[in-house]
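Coordinates in review
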Protein chains: 2
Amino acid sequence: MTPQRAAILRLLDGNKRHPSAEDIYARIKRKFSGMSFATVYNTLQSLLSAGKLAEVRIDSKRSRFDPGLKPHSHLMCVHCGAILDLPLSRPPLPAGKPAGFRVLRCNVEFYGVCRDCGRKPAAGAKRRTICATEKKK
Amino acid sequence: MTPQRAAILRLLDGNKRHPSAEDIYARIKRKFSGMSFATVYNTLQSLLSAGKLAEVRIDSKRSRFDPGLKPHSHLMCVHCGAILDLPLSRPPLPAGKPAGFRVLRCNVEFYGVCRDCGRKPAAGAKRRTICATEKKK
DNA sequence: GTCTTGACAATAATGATTACAATCTGATAT
DNA sequence: ATATCAGATTGTAATCATTATTGTCAAGAC
């Protein structure tokens, strides 16, 4: 346990924003200049291997990270990139699975448009950036 | 419609292998030398926009493509990378979705180990490469 | 003190995908 | 047949997230 790792852990603990590696790097570097991007990836990898963190790949551009360990699904706004947790009401069953295939885990992902992004801006108006995690590119 | 596009369409039609862009490129180039990788991506993009093809992102290394348009889920062997279609017995509902969030679509993905990869090779034996789509790297 | 181990930082390398500029093709109009 | 124009193709360069590498450093073991 090093100061860098502690900082990353502190940032992630209870974090519902599903930050990307870059988000984490940017945040930590403010307090902790001299932090390396590699350390972020190394730490995330350690946490993943230790099962203390989940990688969320709902965003096609980059991995996002989720300290929540209870099984749940995700809902992403395709406009602003915000990701929300959803309880997994009915864990789906792999119907029609071929014999001998051992299923290990399952992802359920929803895509849509959040309320703020769904409000059409008036014609000619500048697009407002309302959501917390603005989509990049 | 050009010869290149026709070739890509022909390859994809009814294809259950969920090929990657590189798979497609390699296959087509055999018959059609002088084919460019960019054309593969362009054509795939056109087909995606036209809704004639689905992008499957279950494989973290690269996108795979699926001509099947009926909603279904996927099951991937984490060992050999093979991807199978599964019927979606119970389309999951976004429980606890916040008001105003308009849900557009949903992905259900299963990960596991296929029968061939699950057979442990005898100690010291070379790993056999059985599955159709061998995992790269 | 010296050795070992692992973490850090900086940077380079990888690899899928996208962007771009130049050329080509094919249809249509003239 | 020729000119024109839009869109497709090609080859290559650029992008960008992620991984690998290398040298350095600090803490604990002996």
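Keep in mind it's a predicted model, so treat the numbers as computed, not measured. (Residues numbered from 1 in each chain as written. Chains lettered and ligands numbered in written order. Predicted model: local features only at pLDDT ≥ 70, side-chain atom pairs only at ≥ 80, totals over all residues. Heavy atoms only, no water.)

**What to know about the protein's contact with DNA strand D**
Around DNA strand D sit 15 residues, and of these Tyr41(A), Ser63(A), Thr2(B), Gly34(B) and Thr39(B) come closest. At a separation of 2.7 Å, a phosphate oxygen of DNA strand D approaches a polar backbone atom of Gly34(B). Every element with two or more residues in the surface near DNA strand D is listed here: helix H3 (37–49) of chain A together with helix H1 (3–12) and helix H3 (37–49) of chain B. Its residues assigned to classes, the surface near DNA strand D shows four nonpolar, seven polar and four charged. (Near = heavy atom within 4 Å. Polar contact = N/O pair within 3.5 Å; in protein donor to acceptor, adjacent residues only side chain to side chain. Helix = DSSP H or I, 4+ residues; strand = E, 2+ residues; numbered from the N terminus. Nonpolar A, V, L, I, M, F, W, Y, C, P; charged D, E, K, R; others polar.)

**Overview of the sheet that holds strand E5 (residues 102–113) of chain B**
Strand order across the open sheet formed by six strands is E4(A)-E3(A)-E5(A)-E5(B)-E3(B)-E4(B), with mixed pairing between neighbours. Single-partner strands in this sheet number two, and they are strand E4 (83–87) of chain A together with strand E4 (83–87) of chain B. In this sheet, neighbouring strand axes are inclined to one another by 30 degrees on average, regardless of whether the strands run parallel or antiparallel. Summarising the sheet, strand E3 (residues 72–77) of chain B and E4(B) pair through five bridges and their orientation is antiparallel. Within the sheet, the bridge partner assigned to His72(B) lies in E4(B) and is Pro87(B). (Pairing = 2+ DSSP bridges. Axes fitted to C-alpha atoms, helices over the stretch in contact; angles between N-to-C directions.)

**Focus: the pairing of E5(B)**
Here strand E5 (residues 102–113) of chain A runs beside E5(B); their pairing, made up of 11 bridges, is antiparallel. Across the sheet, the residue bridging to Glu109(A) is Asn107(B), located in E5(B). When E3(B) meets E5(B), the two strands line up parallel, connected through four bridges. The residue bridging Leu75(B) from the neighbouring strand is Phe110(B), located in E5(B).

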